[in-house]
Amino acid sequence: MTSSEHPPRPSGPENPKEGRRPLASRLGLDWSIHGDGRRIGPGEVVSPDERLAWPQTIGVGIQHVMAMFGATVLVPTITGFPVTASLFFSGVGTLLFLIITAGRVPSYLGSSFAFIAPIGAAMNQHGIGGALGGVLVTGVALFLVGLIVQKAGTGWIHALMPPVVMGTIVALIGLNLAGSTTDAMVEVPLTTFTTALAIVVCAVLFKGLLGRLSILLGIVVGYLVALAQGQIDFSPVGEAGWVGLPPFHAPEFHWDVLFLFLPVVLVLVAENIGHVKTVGLMTNRNLDSSNGRALMADGLSTTLSGLGGGVGTTTYAENIGVMASSRVYSTAAYWVAGFFALALAFLPKFGALINTIPPGVAGGAGIILYGMIGVMGVRIWVQNRVDFSNTINLMSAGAGLIVAIADPTLDLGGMQFGGIALGTAAVLVVFHLMTLIARWRGTEPVPLEQENPYESSEPGRLG
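Cut-offs used in this document
- Residues numbered from 1 in each chain as written.
- Predicted model: local features only at pLDDT ≥ 70, side-chain atom pairs only at ≥ 80, totals over all residues.
- Heavy atoms only, no water.
- Helix = DSSP H or I, 4+ residues; strand = E, 2+ residues; numbered from the N terminus.
- Buried < 20%, exposed > 50% of the residue type's maximum accessible area, 1.4 Å probe, protein only.
- Contact = heavy atoms within 4.5 Å.
- Areas by Shrake-Rupley, 256 points an atom, 1.4 Å probe, with all protein chains shown as cover.
- pLDDT = per-residue confidence, 0-100.
- 1 Å grid on protein atoms, 1.4 Å probe; cavity = no way out; pocket = protein on both sides within 12 Å on 5 of 7 lines; lining within 4 Å.
- Points joined across faces, edges and corners; volume = space filled by probe spheres on them.
- Salt bridge = Lys/Arg side-chain N within 4 Å of Asp/Glu carboxyl O.
- Phe/Tyr/Trp six-rings, centres within 6.5 Å; stacked < 30°, edge-to-face > 60°.
- Lys NZ or Arg CZ within 6 Å of the ring centre and 35° of its normal.
- Axes fitted to C-alpha atoms, helices over the stretch in contact; angles between N-to-C directions.
- Parallel < 35°, antiparallel > 145°, perpendicular 65-115°, else oblique.
- Left-handed = near helix turned anticlockwise from the far one by under 90°.
- Nonpolar A, V, L, I, M, F, W, Y, C, P; charged D, E, K, R; others polar.

### As for the overall build of the protein
Here's step 1: From N to C terminus, the protein includes 20 helices and six strands.
Here's step 2: Counting the 463 residues in the protein, one finds 55% classified as buried.
Here's step 3: Residue pairs at least 24 apart in sequence account for 82% of intrachain contacts in the protein once pairs closer than 6 positions are excluded.
Here's step 4: Carbon and sulfur atoms provide 68% of the accessible area of the protein, an area that totals close to 18700 Å².

Structure, rendered in structure tokens:
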């Protein structure tokens, strides 16, 4: 039976027979075998509720881990978080996501780059415990948003954050991070720019999986350049054990850093909704009923990560690419990927090796990745045909971006607000204030016709 002939599962918990289905079915573990389990015919895809034979499925699952690996380990490397703990919660989060979405939405949850700026600010003030408190609160907030979406749909999100607002918030996070690459450019320019150049060359030089591993390949090239210059200390690797528990940490809560993380919630909402929409289009299924579950799953994953010492999680565009090229959308492959990430988390020597990545390599990768975050916001504008001849749109986006790039720090009532939080507040306040006044006075510009009030063809590479 091909995927086009395979009957789709009931698409939501509102199905009255949901409670009477077998446990394996409710968890999405009752995969049927696609064809002969070894080959995919022309024009066919392996749908989420199908799988290939286990050897092929395991191979695809490991590909997913490789595709997300460079970005996922780079976030804890940049922020100073333990790599193995982040891998552990990435694996746990992926498995939870598959369970909560009942196997309808294939996805890997990896480290989100949207957390880098708030984690960095929180670490400077209160160390890793304070940063983890912010990650945890972000996860709780995202989970609550998911609960509301599951009951009320996504219309209210589109009203609060139309494309001009969401695009600006995504863009300002990337542009705010630009300054963090300056020291690497100045102090170790050869390593920094070689890493950046290697990433962009690998992205277009190689086809298939290697092309999607451009971040990882660029890090390897930059690492070798740094090694040749004596910029790497291997002594921690020799001291680390081969097998052991990840270094877990407990969160601390400080009101002055929690507001730094609120903009991240908005980005994660856009990423998850975009991911669900993209998977639905690629598998020819309506997955809108899974939006709430996807948000709750990512929220729970991020909450657990904040409880134990990992960075926040998000869906991964790189894994969308693996699915598109392999034509395998089976959630069985993601179960393999989740367990493979968990296995890596129990190798302290592996984590120590990742921690030897020098600042120049991280800075070079940051040039590309932070720029991609900024441009992802612009892509949201383009895809949704945001009209910048509309004064409201123009001033809202401009105000938010300038505040975030200027990166001021305001101390209000003992709480500090940085560029990302202030920029997010600026675009929200300016847009809704101008819209309210314009409607009251009858001066609101007439919007261009749009077929869809919100369009995101795939999640951004924020992680």
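Once the structure has been displayed, the description carries forward.
### Some remarks on the confidence of the model for the protein
Here's step 1: Put simply, the protein has an average pLDDT of 83, and 89% of its residues get 70 or more.
Here's step 2: For the stretch residues 1-18, pLDDT sits under 50, and the model shows 44 contacts to residues farther than four places along the chain or on other chains.
Here's step 3: Counting contacts from residues 450-463, a segment whose pLDDT is below 50, to residues more than four positions away or on other chains yields 61 contacts.

### Here's the deal with the layout of surface pockets
Here's step 1: By volume, the largest pocket amounts to about 830 Å³.
Here's step 2: Along the wall of the largest pocket there are 43 residues; nearest its centre are I116, A117, G120, L177 and S180.
Here's step 3: Where the lining of the largest pocket is concerned, the elements lending two or more residues are helix 2 (54-79), helix 4 (116-152), helix 7 (182-187), helix 18 (359-383), strand 6 (415-417) and helix 20 (419-441).
Here's step 4: Looking at the lining of the largest pocket, the element that brings in the most residues is helix 4, giving nine residues.

### Some remarks on the pattern of salt bridges
Here's step 1: Under the criterion given, the structure shown has three salt bridges.
Here's step 2: In this structure, the salt-bridge partner of D36 is R38, at a minimum N-O distance of 3.7 Å.
Here's step 3: Of the residues examined, D36 reaches a relative accessible area of 34% and is grouped as partly exposed.
Here's step 4: Among the ionic pairs, D36 bridges to R39, the shortest N-O distance being 2.5 Å.
Here's step 5: Members of the salt-bridge network, linked through shared partners, are D36, R38 and R39.

### Looking at the environment of I128
Here's step 1: Within the secondary structure, I128 is located in helix 4.
Here's step 2: Here the alpha-carbon distance between I128 and P251, two residues 123 residues apart in the chain, equals 7.6 Å.
Here's step 3: The contact partners of I128, leaving out residues within four places of it in the chain, are F81, P82, M123 and H249.

### Observations regarding the packing of aromatic side chains
Here a ring pair, both rings aromatic, is described through the centre-centre distance and the interplanar angle of the planes.
Here's step 1: Summed over all chains, the structure comprises nine aromatic pairs.
Here's step 2: The interplanar angle of 85° and the centroid separation of 6.0 Å between the aromatic rings of W31 and W54 together place this pair among those described as edge-to-face. Of this pair, W31 sits in the loop between helix 1 (23-26) and strand 1 (32-33) while W54 sits in helix 2; the two residues are 23 residues apart in sequence, bridging distant segments of the chain.
Here's step 3: Measuring from ring centre to ring centre gives 6.4 Å for Y223 and F234, while their planes differ by 65°; the resulting arrangement is edge-to-face. With Y223 in helix 10 (residues 214-228) and F234 in the loop between helix 10 and helix 11 (235-239), this pair connects stretches of sequence that are eleven residues apart.
Here's step 4: By relative accessible area, Y223 is classed as buried at 13%.
Here's step 5: Among the aromatic side chains, those forming a connected cluster through ring pairs are F88, F89, F248 and F346.
Here's step 6: We note K349 situated over the ring of W242; from NZ or CZ to the ring centre the distance is 5.0 Å.
Here's step 7: One residue, R441, lies across the ring of W440, its end atom 5.8 Å from the ring centre.

### Some details on unusual backbone geometry
Here's step 1: Despite not being glycine, R385 shows a phi value in the positive range, around 50°.
Here's step 2: One can find R385 in the loop between helix 18 and helix 19 (391-406).
Here's step 3: The class of R385 is partly exposed, set by a relative accessible area of 41%.

### Topic: the packing of helix 6 (residues 163-176) against helix 19
Here's step 1: One way to put it is that helix 6 packs onto helix 19 with a least axis distance of 9 Å and a crossing angle of 20°. Relative to helix 19, the element helix 6 is oriented roughly parallel. Judged by the twist between their axes, the crossing of helix 6 over helix 19 is right-handed. Residues V164, T168, A171, L172, L175 and N176 of helix 6 form the contact with helix 19, whose participating residues are N393, A397, G400, L401, A404 and I405.
Here's step 2: Here the contact of helix 6 with helix 19 is built from residues that sort into eight nonpolar, four polar and no charged.

### Overview of the packing of helix 6 against helix 20
Here's step 1: Orientation of helix 6 relative to helix 20, taken along the N-to-C sense of each, is 160°, at an axis distance of 10 Å. As summarised for this structure, helix 6 and helix 20 are arranged roughly antiparallel, according to the angle between their axes. As helix 6 packs across helix 20, the resulting crossing turns out to be right-handed. In contact with V164, V165, T168, I169, L172, I173 and N176 of helix 6, helix 20 contributes G419, I420, G423, T424, V427, L428 and F431.
Here's step 2: Per-class residue counts for the contact of helix 6 with helix 20 are nine nonpolar, five polar and no charged.

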